[in-house]
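# Coordinate inspection notes
Residues per chain are reported as follows:
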Amino acid sequence: EAAKLIDTYGAYVDIYECLVSAGKIRSKLLVEKVVCVAKYDGRHAEALKALRKAKVLLFYEPHMLSAMLELLPSISAQSISSNFDFMPLLVSSYPDLQPWCVRECSKNEPQFYFKY
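## Focus: the packing of helix H1 (residues 2–9) against helix H3 (residues 28–38)
- Contact pair H1 / H3: the axes reach a minimum separation of 10 Å and the direction vectors enclose 5°. By the angle between their axes, H1 is roughly parallel relative to H3. From H1, Ala2, Ala3, Ile6 and Asp7 reach across to H3, where they touch Leu29, Leu30, Lys33, Val34 and Val37.
- Of the residues contributing to the contact of H1 with H3, the split by class is seven nonpolar, no polar and two charged.

Right, dumping it as structure tokens:
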């Protein structure tokens, strides 16, 4: 039912609150659906751009969560920027970013999850 709600009213939901709630109930489907909806959000686009261009330490802010979840598979597979370590940002995003999300995205890179 929650997936149908997101499909129908996705433009009206609070992306951050939905992602935190989906993380708490460990629903990969809901996380994926909300991240898909977030692609149309301006704040998501700004956070995505900032994370891709990061060269210095960034402090976690709640509006970054959807961008971090979208980039997580590429962060675990390879560093987006060779000069920037995403690990402190991922750790500081806990409890919003749950460990199971990191584990799911890094199944191909098990060492990444253990480092996290």
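## Looking at H3
- Looking only at H3, the buried set comprises Leu30, Val31, Val34, Val35 and Ala38. One side of H3 holds all its buried residues, which, seen down the axis, span an arc of 130°.

## Some details on the pattern of salt bridges
- The final tally for this structure, using the stated rule, is one salt bridge.
- Between Lys28 and Glu104 there is a salt bridge, and its shortest N-O distance comes to 3.2 Å. Of this pair, Lys28 sits in helix H3 while Glu104 sits in helix H7 (residues 99–105); the two residues are 76 residues apart in sequence, bridging distant segments of the chain.

What counts and what doesn't
- Residues numbered from 1 in each chain as written.
- Predicted model: local features only at pLDDT ≥ 70, side-chain atom pairs only at ≥ 80, totals over all residues.
- Heavy atoms only, no water.
- Axes fitted to C-alpha atoms, helices over the stretch in contact; angles between N-to-C directions.
- Helix = DSSP H or I, 4+ residues; strand = E, 2+ residues; numbered from the N terminus.
- Parallel < 35°, antiparallel > 145°, perpendicular 65-115°, else oblique.
- Contact = heavy atoms within 4.5 Å.
- Nonpolar A, V, L, I, M, F, W, Y, C, P; charged D, E, K, R; others polar.
- Buried < 20%, exposed > 50% of the residue type's maximum accessible area, 1.4 Å probe, protein only.
- Arc of directions from axis to C-beta.
- Salt bridge = Lys/Arg side-chain N within 4 Å of Asp/Glu carboxyl O.

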